[in-house]
Amino acid sequence: MLDIDQIIKTLIARHASGQKPITLLAVCPNSTAVLEAAVRAASRNQTPMLFAATLNQVDYESSYTGWTPADFVHQMNAYADQYHWKGPLYPCLDHGGPWLKDLHTLAKLSYVETMQKVKNSITACVQAGYRLLHIDPTVDRSYPHGQSLPLELVVERTVELMEHAENIRERIGKPKIAYEVGTEEVHGGLVDLERFEGYIRLLQDKLKKHNLGHCWPSLFVAQIGTDLHTTMFKTDAARRLYSILAPLGSLAKGHYTDWVENAEDYPACGMGAANVGPEF
């Protein structure tokens, strides 16, 4: 099975050569019915499928589906057998970062406490065979509401979590994992494209210093106009993101794709993947 890095490079090559562009679908597995339907759709259409599971939905403790990462992957594979699909299915972590699980905020966990919980979750994801991890340390409950974290701090925490994942992966002998970074939320400070480019430069330097250049993210999340309250995908922003990311071997990933009116523009603009969740 191709890893996600290889698929992203194939999508870039297709786009550059004028072939029909493709955007991968990332389904949010918020119920058994949705997981089964998505696997069945992958089988019927002979297409790869990503599953973007948040820590609220799937975790080693207290998930609302009741699945641990291992349970989730087992159920996904059982549906693949049921629908005779031997093609690629990719279990993924969505929004892995401090305070991005609701219970961490409700319990008023400290930074140290929530960071340790996230590392425990990442360990469980790697052990279960997840193929992509969205590392998103852009929330800090100690900061005033609406104030963005310094990019240097976002990058430092991103690399810390990636390094943890790589240490676990290497120790237990799991195959290469792909990474997704960034956030579509304003509080992440990654909305402005100039700031976004600064983030990329800082991330390049930090990964190199930690000997993690091989972990360069396949997917980057940034603001493309979509959230829970909007329905229009901003094609100009997406094309600018493509021009920044494609030369680096990466593509943009859209979140909140559920109610987008112009979804056909995603592949035309070179978007690598798109999350659909609450609509299901």
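Structure's up top.
The rules behind these values
- Residues numbered from 1 in each chain as written.
- Predicted model: local features only at pLDDT ≥ 70, side-chain atom pairs only at ≥ 80, totals over all residues.
- Heavy atoms only, no water.
- Helix = DSSP H or I, 4+ residues; strand = E, 2+ residues; numbered from the N terminus.
- Rg over C-alpha atoms; globule rule 2.2 N^0.38 Å.
- Buried < 20%, exposed > 50% of the residue type's maximum accessible area, 1.4 Å probe, protein only.
- Contact = heavy atoms within 4.5 Å.
- Lys, Arg positive; Asp, Glu negative; His and termini not counted.
- Charge placed at Lys NZ, Arg CZ, Asp CG, Glu CD.
- Phe/Tyr/Trp six-rings, centres within 6.5 Å; stacked < 30°, edge-to-face > 60°.
- Lys NZ or Arg CZ within 6 Å of the ring centre and 35° of its normal.
- Core = buried A, V, L, I, M, F, W, Y, C linked by side-chain atoms within 4.5 Å.
- Axes fitted to C-alpha atoms, helices over the stretch in contact; angles between N-to-C directions.
- Parallel < 35°, antiparallel > 145°, perpendicular 65-115°, else oblique.
- Left-handed = near helix turned anticlockwise from the far one by under 90°.
- Nonpolar A, V, L, I, M, F, W, Y, C, P; charged D, E, K, R; others polar.
- Pairing = 2+ DSSP bridges.
- Right-handed = clockwise from strand over helix to strand, strands pointing away.

Peer 1: If you had to explain the overall build of the chain to someone new, which residues and values would you point to?
Peer 2: When you go through the chain residue by residue, the secondary structure sums to nine helices and eight strands. Taken against the 2.2 N^0.38 rule, which gives 19 Å for 280 residues, the C-alpha radius of gyration of the chain at 18 Å falls within 12% of a compact globule. Counting only C-alpha atoms, the chain reaches 45 × 40 × 40 Å along its principal axes. Residues classed as buried in the chain amount to 55% of the 280 residues present. Long-range pairs, those at least 24 residues apart, make up 71% of the contacts in the chain with a sequence separation of at least 6. Looking at charge distribution, the chain has the averaged site of its 26 positive side-chain charges lying 5 Å from that of its 32 negative ones.

Peer 1: Account for the side chain of lysine 253, with residues named and values stated.
Peer 2: In this structure, lysine 253 sits in strand E7 (residues 251-254). Setting aside anything within four residues of it in sequence, one finds lysine 253 in contact with Ala26, Ala52, Glu180, Leu219, Phe220, Val221, Ala222, Met271, Ala273, Ala274 and Asn275.

Peer 1: Residue-level account of the packing of aromatic side chains, with values.
Peer 2: On inspection of all chains with the given rule, the structure shows seven aromatic pairs. Measuring from ring centre to ring centre gives 6.1 Å for tryptophan 99 and tyrosine 111, while their planes differ by 45 degrees; the resulting arrangement is tilted. A residue pair is termed long-range when its members are at least 10 positions apart, and tryptophan 99 in the loop between strand E3 (89-96) and helix H4 (102-106) and tyrosine 111 in helix H5 (residues 111-128) qualify at 12 residues. Tryptophan 99 sits in the buried class, given a relative accessible area of 5%. Residue tyrosine 111 is classed as partly exposed on the basis of its relative accessible area, which comes to 24%. Taken together, Phe51, Trp67, Phe72 and Tyr130 form an aromatic cluster joined through their ring pairs. Just above the ring of tyrosine 111 sits the side chain of arginine 157; from NZ or CZ to the centre is 4.1 Å.

Peer 1: I'd like a rundown of the nonpolar core, residues and numbers included.
Peer 2: One finds Phe51, Tyr130 and Leu133 to be the most contacted residues of the largest nonpolar core, which totals 66 residues. For this core, the element with the most residues is helix H6 (residues 151-172), which contributes nine residues. Not counting residues up to four positions away in its chain, the partners in contact with tyrosine 130 are Ala53, Val58, Pro69, Phe72, Val73, Pro91, Cys92, Leu93, Cys125 and Ile177. Grouped together as the second largest cluster of nonpolar side chains are 18 residues, Ala26, Leu50, Cys92 and Leu132 included.

Peer 1: Just give me the short version of the packing of helix H3 (residues 69-82) against H5, but keep the residues and values in it.
Peer 2: Running from N to C, H3 and H5 point in directions that differ by 30 degrees, and their axes come no closer than 8 Å. When the interaxial angle is binned, H3 and H5 end up roughly parallel. As for how H3 packs across H5, the hand of that crossing is right-handed. Between H3, through Pro69, Ala70 and Val73, and H5, the contact on the second element is made entirely by Ala124, Cys125 and Ala128. Across the contact of H3 with H5, the residue classes break down as six nonpolar, no polar and no charged.

Peer 1: An account of the environment of arginine 157 is needed here, citing residue identities and associated values.
Peer 2: You can see arginine 157 is positioned in helix H6. Overall, the relative accessible area of 9% leaves arginine 157 in the buried class. Sequence separation of arginine 157 and leucine 245 is 88 residues, and the distance between their C-alpha atoms is 21 Å. Not counting residues up to four positions away in its chain, the partners in contact with arginine 157 are Tyr111, Met115, Pro137, Val139, Asp140 and Leu149.

Peer 1: Can you tell me about the pairing of strand E2 (residues 49-53), naming the residues and giving the values?
Peer 2: For a regular strand, the rule is simple: side chains alternate between the two faces of the sheet. With five of its five residues buried, E2 lies for the most part within the structure. The two faces of E2 match: Met49, Phe51 and Ala53 on one face and Leu50 and Ala52 on the other face are all buried. Sheet topology places E2 next to E3; five bridges connect them, and they run parallel. From the neighbouring strand, methionine 49 faces E3, where its bridge partner is leucine 89. In this region the chain leaves E2, passes through H3 and returns to the parallel neighbour E3; the handedness of that crossover is right-handed.

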